[in-house]
Amino acid sequence: MGLEEYLGDMEMCCRCSACKFVPMQRVKGFQYANVCPSISKYDFHSYSGGGRLNIGAAMLRKGVEYSDKLLDIVYNCQMCGACDVSCKYAMDMEVLEPIYEFRIRAVETGHTHPAIDKTINRLRKQGTMVPGARGKRGDWAAGLNLKDATKEKVGVLYHVGCLTSYDKNYQKLAKATAKILQKAGVNFGIAGDAETCCGGRAYQMGYKEDFLNQAKKNMKMIKRAGAKTLVTGCADGYQAFKVLYDKYDLKGNLEVLHITELMARLIKEGKLKLNKKVNLNVTYHDPCYLGRLGEPWIHWKGKKIPGDRFVFDPPKVYRRGTYGIYEPPRDVLNSIPGIRLTEMVRIKEYSWCCGAGGGVNESNPDFNLWTAKERLEEAESTGAEAIVTACPWCEKNFNEVIKETGSSLKVYDIVELVEKAI
């Protein structure tokens, strides 16, 4: 892999600006037609997916020269993939992959961002990127009598994730998930203090080697535990284990499920019964790394056929965000008595980002919160009392904006509502 591999894709960009908006055939109105936070905020073509491709192609032809402005463009991107799926509504070309490689190249050549460097150093020393992480990773599980997957074999390993393990405001999500799995009779365990970061957010930031180091540590521990299925409630973790580990041939036969997938399955099988009424009018936010970027990786090997057309032998199959995890969370919400779900305009593969991804949370908190605010305004336009998501980072971002703006909107992770219903 490398930036050079995507020169053809980058040269294919015709500056049509499709990467900036929800596809025209899917637009429902002017107000929520934008899909890329970066171009919407900075309003200059270089901050769009196509702009980044144009820069990448020029750099490969003329040589790579990093300036402060170029690095501002590189790091002010949540890597949410909205540009990629919007472009692919009509085109066969990669957009997000060369943007990943562009950022990886910047890191490899020492052109990093100080705030992100600090975050990665924390990962290397503590096995987590959560600032202010104190205590042991498994402290949240005290008194719950959960199986220790490092000491006994379990069929299902619950990977809790960094934020949910260390942030006391979000440990409630880990406890709710454990309670739900226990209630449904799932034979699961946790790795506790032996759990470590999935590495997914490091990859988003461009630190490929740090990601690979974390991935290898995790797979070694999972194989030792004998787990056949890994469950997580973190969208970043889900995408890392399911998609990125597979991309680098590290996943093997491990089944990776998001907690919403497992809950939907358990409800359908009658193993999880939601009997208590939860009277709430909600709207649902699709996390980027569970939705469009949670689509399975497609392994393809072939070559470009010489000529003026972008044709491959064998034909290349593209990931377009279509097969992300969209229905399971909605099925779960619709199974909760009393819940009334009203959809936002931008949903599923065209969902607007919460703002926390790609290192922007660390490097540019103002842009991060601006993005979340845009989403909350869209949620409020539905008339919902609460916005529900399926990722702790989304919930954290939304809560911070609500605290700042004084909005009356409530925020829930889907496991919190399921816990209320059982």
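Above this text is the structure in question.
Residues numbered from 1 in each chain as written. Predicted model: local features only at pLDDT ≥ 70, side-chain atom pairs only at ≥ 80, totals over all residues. Heavy atoms only, no water.

On to the sheet that holds strand β2 (residues 156-159), then. An order of β1-β3-β2-β4-β5 is seen for the five strands of this open sheet, with the pairing classed as parallel. The open sheet has two edge strands, β1 (147-148) and β5 (255-258), and neither has a second partner. In this sheet, strand β4 (residues 229-232) lies alongside β2 in parallel orientation, the contact comprising four bridges. Of the residues in β4, the one forming a bridge with L157 is L230. (Pairing = 2+ DSSP bridges. Helix = DSSP H or I, 4+ residues; strand = E, 2+ residues; numbered from the N terminus.)

This part is about the layout of surface pockets. Empty space within the second largest pocket amounts to approximately 240 Å³. A18, F21, V22, P23 and M24 are the residues nearest the centre of the second largest pocket, which is lined by 15 residues in total. For the lining of the second largest pocket, the class distribution of residues is 12 nonpolar, three polar and no charged. (1 Å grid on protein atoms, 1.4 Å probe; cavity = no way out; pocket = protein on both sides within 12 Å on 5 of 7 lines; lining within 4 Å. Points joined across faces, edges and corners; volume = space filled by probe spheres on them. Nonpolar A, V, L, I, M, F, W, Y, C, P; charged D, E, K, R; others polar.)

Turning to the pairing of β2, a few remarks are in order. Burial along β2 is two-sided: V156 and Y158 and L157 and H159, pointing in opposite directions, are all buried. Alignment of β2 against strand β3 (residues 188-190), held across two bridges, turns out to be parallel. Each residue of the ladder has a partner; that of V156, found in β3, is F188. (Buried < 20%, exposed > 50% of the residue type's maximum accessible area, 1.4 Å probe, protein only.)

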